[in-house]
Amino acid sequence: MELKKILSNRSTKFLTLLLTSMLIATASAAMYNYMFMNGTIGVEGMTLEWQLGADNATAGTQIAGVTASLTTLKGPPNGTRVYTDPVRLKNKGSGAVIFDLLIDTVSGNTVNMSSIIVRLYSLNTTAYIENVTVWSGGAKGSDHPNLNIPLNHIWRFEWEIKWKSTAVISDSVIVNLKVRVPA
Amino acid sequence: MAPTILPEFFVLLGTDLFLLLSLLTCLLEDRFPKALPYVFQVAAVIGFGHLMISKEFLAIFGEYMRFWYCFFYLLVALINIVAINVRFATSQKAWILAKAWAGTVTFPTIMISVFFVSNYGYVSSAEFPLLLLQVGLVIAAVMIGVSAAIFLSPDILPKLRRGKEVK
């Protein structure tokens, strides 16, 4: 009965509601702030998105997060095979992104592999961007840091594969490329 | 890179709107059921729970899904504000209060919500900003038109109502 009387008092009721409101608002804002910090890290990592190109089926392109794997890069012995558009990279962030292109792994019949060159072209402007040596002289090429992709631009990765004369028709290599956005 | 707002911002906004409603309905308690301020407080707590669930499943839920369920919560809060406005105007016939509520609560909250949602759509390069902008502009235009009409001739609504009764 006493409690009912207290609660029915308008000013007491308002004060109680004001205090609980402040508590809920503060807790919600703190939670959002916590999520914003976590979310920003996650979002920044995914501002660049690998996409399947027109030749994805023949190159066996597989995309898993920040890694794009080309699993069936085949070619004729002592010849060159060009995959014009097996994989693409899109900047779907909120501004231009500077990123590192990492040659993660090159595996398979690399003994018979002469070279793998990747040429980057912009699909928006058709301009040539960069030449990336993935494999040459029996060794993996070096990573390419600080590539700058403008907002909403898509880059096409053209692959040129040269096989040695010792290669056989069943030879193939698997290449993993990774993108890394520096903090 | 400019920081973008997360979809959960709309839940935060909705929670604050429910808290605002709770305090305002407490101040105007003689016009509402006694339990209503507490109902709005519970709705705000649900918003907090919403944020907690979003935080736990941040990596699993896609941004598209997160946007829509957060936007839905904000929409529920806005519908409550408009519903109270309509209640003042129709069932209680408190025209001055209805106009004051429209000018100080309904209109600003809707405009703030439209601003943040369109800003989110623009920054996130979402596919809905054009449609949303058009819908927002139509709502704003209708509200301004109706408000201006009522402001310039306050007896327009009673006249319309009397006209219906005659028919």
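What comes next is a walk through the structure. (Residues numbered from 1 in each chain as written. Chains lettered and ligands numbered in written order. Predicted model: local features only at pLDDT ≥ 70, side-chain atom pairs only at ≥ 80, totals over all residues.)

### Remarks on the packing of helix H1 (residues 9–27) of chain B against helix H2 (residues 36–56) of chain B
Residue and element names in this part refer to chain B.
Stage number 1. Here H1 crosses H2 at 165 degrees, and the two axes come no closer than 8 Å. Taken together, the axis directions place H1 and H2 in an arrangement best described as roughly antiparallel. Here H1 and H2 pass one another in a crossing that is left-handed. The segment H1 lies against H2, with Val11, Gly14, Thr15, Phe18, Leu19, Leu21, Ser22, Thr25 and Cys26 engaging Leu36, Pro37, Phe40, Gln41, Ala43, Ala44, Gly47, Phe48, His50 and Leu51. (Axes fitted to C-alpha atoms, helices over the stretch in contact; angles between N-to-C directions. Helix = DSSP H or I, 4+ residues; strand = E, 2+ residues; numbered from the N terminus. Parallel < 35°, antiparallel > 145°, perpendicular 65-115°, else oblique. Left-handed = near helix turned anticlockwise from the far one by under 90°. Contact = placed C-beta atoms within 7 Å.)

### Some thoughts on the sheet that holds strand S8 (residues 139–140) of chain A
All names here are of chain A.
Stage number 1. Strand order in the open sheet formed by six strands is S1-S4-S10-S6-S7-S8, with antiparallel pairing between adjacent strands. Looking at strand neighbours, the two that pair on one side only are strand S1 (48–52) and S8, the edges of this open sheet.
Stage number 2. For S1 and strand S4 (residues 80–91), the ladder comprises five bridges, and the chain directions are antiparallel. Bridge pairing in S4 places glutamine 51 opposite arginine 88. (Pairing = 2+ DSSP bridges.)

### Examining the packing of H1(B) against helix H3 (residues 63–89) of chain B
All names here are of chain B.
Stage number 1. Relative orientation of the contacting elements H1 and H3 amounts to 20 degrees, with a least axis distance of 8 Å. Taken together, the axes of H1 and H3 are roughly parallel relative to one another. Of the two elements, H1 crosses H3, and the hand of that crossing is left-handed. Contacts between H1 and H3 pair Phe10, Val11, Leu13, Gly14, Leu17, Phe18 and Leu21 from the former with Cys70, Phe71, Tyr73, Leu74, Val76, Ala77, Asn80 and Ile81 from the latter.
Stage number 2. Grouping the amino acids of the contact of H1 with H3 by side-chain chemistry returns 13 nonpolar, two polar and no charged. (Nonpolar A, V, L, I, M, F, W, Y, C, P; charged D, E, K, R; others polar.)

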